[in-house]
Amino acid sequence: MSLIRTGMNLSFSFLSKLALVSFPVSELKNKNKIHDYSQLAWGSDYVFERLNEGMIGYLTGVGKGVKPCDRIILREGCESYQYQVEEVDYYSDPSDMWIALLKQVPID
């Protein structure tokens with residue numbers, strides 16, 4: 001009987017530790033990404049339409065994985081700017097092309 005109880009304790013212990021190990025992995029998946037477009041060419045790799053003196057704007061770009069709350073770094077001349085993705089819509093064709101509403105935020 002003690003052998004069964006020990007087995008159950010080990011199983012419970014293993015499962016509780018497994019839950020602790022998998023928790024940070026799921027947190028990493030939910031973490032927002034920073035997409036660096038500062039080395040890409042405006043007009044060929046992306047198009048950014050500035051509104052409200054550049055505080056907001058629409059960016060059309062290519063690449064999978066851009067989602068709301070992600071950050072995008074853009075360069076204009078010598079200056080770099082960081083924007084937060086407020087909304088993003090993917091085109092149906094090509095499926096990796098998207099347009100996003102961006103809001104300028106301080107660089108982290």
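Refer to the preceding data block for the structure.
The structure presented is a predicted model; accordingly, all values stated were derived computationally and were not measured.

A. Representation of the pattern of salt bridges within the structure. Scanning all chains against the criterion turns up two salt bridges. Here Arg50 makes a salt bridge to Glu76, at a shortest N to O gap of 3.3 Å. Taken together, the positions of Arg50 in strand E2 (residues 46-51) and Glu76 in strand E4 (residues 71-76) put the pair 26 residues apart, joining distant regions of the chain. Residue class for Arg50 comes out partly exposed when judged on its relative accessible area of 43%. Residue Asp70 is joined to Lys67 by a salt bridge in which the shortest nitrogen-to-oxygen separation is 3.2 Å. Residue classification places Lys67 among the partly exposed positions, given a relative accessible area of 27%.

Cut-offs applied
- Residues numbered from 1 in each chain as written.
- Predicted model: local features only at pLDDT ≥ 70, side-chain atom pairs only at ≥ 80, totals over all residues.
- Heavy atoms only, no water.
- Salt bridge = Lys/Arg side-chain N within 4 Å of Asp/Glu carboxyl O.
- Helix = DSSP H or I, 4+ residues; strand = E, 2+ residues; numbered from the N terminus.
- Buried < 20%, exposed > 50% of the residue type's maximum accessible area, 1.4 Å probe, protein only.

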